[in-house]
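Chain by chain, the residues:
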Amino acid sequence: MADNTEILSGFAEIVEEVAGIDTAEVTTEKSFVDDLDIDSLSMVEIAVQAEDKFGVKIPDDQLAELKTVGDAVDYIAKNQ
Amino acid sequence: MSTTPDVVVTGFGATTPLGGDVASTWEALLAGRSGVRRIDDADHEWVERHQLPVKIAAPLAVAPTEVLPRVQARRLDRCEQVALVAAKEAWAHAGLGDRGNMQVEPERLAVVVGTGIGGAVTLLDQDDLLENGGLRKVSPLTVPMLMPNGPAAWIGIEYGAQGGVHAPVSACASGAEALAWALRLLRGGEVDVVIAGGAEACITGITVAGFVQARTLSQRNDEPERASRPFDVDRDGFVLGEGAGIMILERAEFAKARGATVHGRLAGAGITSDAYHITGPEPEGVGQSRAIAAAVRSAGLEPSDIGHVNCHATSTVAGDVGETRAVRKALGDHPILTAPKSALGHMVGAAGAVESIITLLSVKEGVIPATLNLENLDPGVELDVVAGEPRKVDLDAAVCDSFGFGGHNAAVVFTSP
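Think of each chain on its own: its residues are numbered from 1, step by step along the sequence as written. Both sets of labels track the order of writing: A upward for chains, 1 upward for ligands. Residue-level local features of this predicted model are given only where pLDDT is at least 70; pairs of side-chain atoms are given and counted only at 80 or more, and the full residue set underlies all totals for whole chains, interfaces and linings.

### Notes on the overall build of chain A
Okay, so step 1: Labels follow the DSSP assignment, with helices taken as runs of H or I lasting at least four residues and strands as runs of E lasting at least two, numbered in each case from the N terminus. Counting its secondary structure elements, chain A contains 4 helices and 0 strands.
Okay, so step 2: Along its sequence from the N terminus, chain A presents helices and strands in the succession α-α-α-α.
Okay, so step 3: C-alpha atoms define the radius of gyration in this analysis, and the globule rule sets the expected value at 2.2 Å times the number of residues to the power 0.38. Scaling as 2.2 N^0.38, a compact globule of 80 residues should have a C-alpha radius of gyration of about 12 Å, and chain A matches this with 11 Å.
Okay, so step 4: Dimensions of chain A along its principal axes, counting C-alpha atoms only, are 30 × 25 × 20 Å.
Okay, so step 5: Considering only contacts within chain A whose residues lie at least 6 apart along the sequence, 57% involve residues at least 24 apart. By the criterion used throughout, residues are in contact when their C-beta atoms, derived from the backbone, lie within 7 Å.

Set out below in structure tokens:
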């Protein structure tokens, strides 16, 4: 079980790998679409990698609800 | 003289088995270097695994992943990567400005970039992932990576082209046919600028195996650099290559108004089809001859004006001599020929575009690169083919031929500015 700081750090690495955004930019208040300019195809890639890394399931209806990095980190923390 | 609106070339870019850009490719061509090498190595383990009888190819001199930003590259099939590499060089060469500060209206900018095969490697890789890892391992980018309009579409996005994005798919004629369609768009006045050319990157087990089974590839594995030998009596097939070539074409008036440097004119183009056999060329070269003649007519020129033909000549037994019959029929005995596939291998959908850039440079620089490995001219050729050393010659107009499986014939004419 990772705490939220560890989850954020690991999640930011995935975002960097998929979308090329520096890990320092991937902070909890950032919106995937409005701030990080991540499209729906990249979000699918990020979700699949997050599932593998953190051992969670992120169904499509849940994925659509994850608007910010903080939403994703909280979801992972709750569902691990 | 032509009464149709002039179309000029203001930029070009390429990535090929001889170099990562046009300058290095041209220099290597004039120096007589070959881009063909052995590929039975760790990167191509399928050669040994399937005991393929062909162990040579003409891979890129510079991998596109060394040039493109990492995140951009990972969203693209290799075919799309090479298209973008060539487009970036061409766009910068034309000096049309950065996105947001461009010298052409987005709605007056079009893309015509073809491919023969497209994203076959992606299709295979993703199928492996589906079979071995299941649905969730399949990339959401699978379809945009494998679709043959992908190279054109990505270039359109890169430069904000909103005047139409087109992707001619006519096998080995795709690159030249793209230039021909671009000429039509520009002459029709629909747009001011077209990013046009072709891209291919499909050196993989199944394509090599398929070409082997069609009996089209050279098996001169012991002498890779001597394998591609168009017009030579000992030719035994082509060598599969990969690459991309892109030209920036503009209405002459538009280029003049913005003060662009003009490198030559795309003066004419002709497209015909054999309706004869799915792979074999019609033996008398009638359809090819009609394409060349149509291109010359479209340029407002006479056959006697054409000093040089940059041939499609792939180094196959049937194709090379048939093409020379078509040249003689359309133009006569005077044009000087060369066959750049002797050095570049056969870049399939990119071939016609890269070879068009070479043709344009021959007109511009007054020098025709030699056909490598032409030691004993096939007696059926009966035309003057440059061999040994490049030949200096003043050229007013030259033709580039490109033909493809399916009976596609395309010819384009370049003239000095």
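### Some words on helix 14 (residues 351-365) of chain B
All names here are of chain B.
Okay, so step 1: Given the number of residues in a helix, its expected span is that number minus one, multiplied by 1.5 Å. Along its 15 residues, helix 14 runs 21 Å from first to last C-alpha, staying within 8% of the 21 Å computed at 1.5 Å per residue.
Okay, so step 2: Counting buried positions over the 15 residues of helix 14 gives 13, a clear majority of the element.
Okay, so step 3: Remark: G366 follows helix 14 within two positions and exhibits a positive phi of approximately 70°. The burial criterion counts other C-beta atoms lying within 10 Å of a residue's C-beta, which is placed from the backbone; the residue is buried at 20 or more, exposed at 12 or fewer, and partly exposed between these limits.

### Some points on the interface of chain A and chain B
Okay, so step 1: The interface is formed by 6 residues belonging to chain A together with 7 residues belonging to chain B.
Okay, so step 2: Polarity classes work like this: nonpolar for Ala, Val, Leu, Ile, Met, Phe, Trp, Tyr, Cys and Pro, charged for Asp, Glu, Lys and Arg, and polar for all others, with Gly in that last group. Residue classes in the side of chain A that touches chain B are distributed as 4 nonpolar, 1 polar and 1 charged.

### With respect to the packing of helix 1 (residues 4-19) of chain A against helix 4 (residues 69-79) of chain A
Residue and element names in this part refer to chain A.
Okay, so step 1: In contact at an axis separation of 9 Å, helix 1 and helix 4 are set at 120° when each is read in the N-to-C sense. On the basis of the axis angle, helix 1 is oblique to helix 4. Our pair here, helix 1 against helix 4, has a crossing hand that is right-handed. Every residue of helix 4 that contacts helix 1 at N4, I7, L8 and F11 is listed here: V69, A72, V73, I76 and A77.
Okay, so step 2: Of the residues in the contact of helix 1 with helix 4, the class split is 8 nonpolar, 1 polar and no charged. Convention adopted: a line fitted to C-alpha atoms gives each axis, helices being fitted over their contacting stretch, and angles between N-to-C directions are expressed from 0 to 180 degrees. Here roughly perpendicular refers to angles of 65 to 115 degrees, roughly parallel to angles under 35, roughly antiparallel to angles over 145, and oblique to all remaining angles. Helix crossings fall into two classes, left-handed where the near helix is turned counterclockwise from the far one by less than a right angle and right-handed where it is turned clockwise.

### Quick look at the environment of V309 of chain B
Residues and elements named next belong to chain B.
Okay, so step 1: Locating V309 in the fold gives a position in strand 9 (residues 308-310).
Okay, so step 2: In this structure the C-alpha to C-alpha distance between V309 and G97, which are 212 residues apart in sequence, comes to 34 Å.
Okay, so step 3: Residues within four places of V309 in sequence aside, it is in contact with V327, P335, L337, A398, V399 and D401.

### Things to note about the pairing of strand 1 (residues 7-15) of chain B
Residues and elements named next belong to chain B.
Okay, so step 1: Burial of strand 1 is extensive: 9 of the 9 residues sit out of reach of the surface.
Okay, so step 2: Sheet topology places strand 1 next to strand 7 (residues 243-251); 8 bridges connect them, and they run antiparallel. Its bridge partner lying in strand 7, F12 is registered against M247. The pairing criterion for strands is at least two bridges between them, as found by DSSP.

### Side note on the sheet that holds strand 12 (residues 384-385) of chain B
Residue and element names in this part refer to chain B.
Okay, so step 1: Here 11 strands make up an open sheet; going across it, the order is 5-4-6-7-1-8-15-14-9-10-12 and the pairing mixed. Two strands bound the open sheet, and with one partner strand each, they are strand 5 (165-166) and strand 12.
Okay, so step 2: Pairing of strand 9 with strand 14 (residues 397-404), which is carried by 3 bridges, proceeds in the parallel orientation. Bridge pairing in strand 14 places N310 opposite C400.
Okay, so step 3: On top of the sheet, helix 7 (residues 150-159) reaches strand 4 (109-114), strand 5 and strand 6 (193-200); it is set at about 155° to strand 4, its chief contact.

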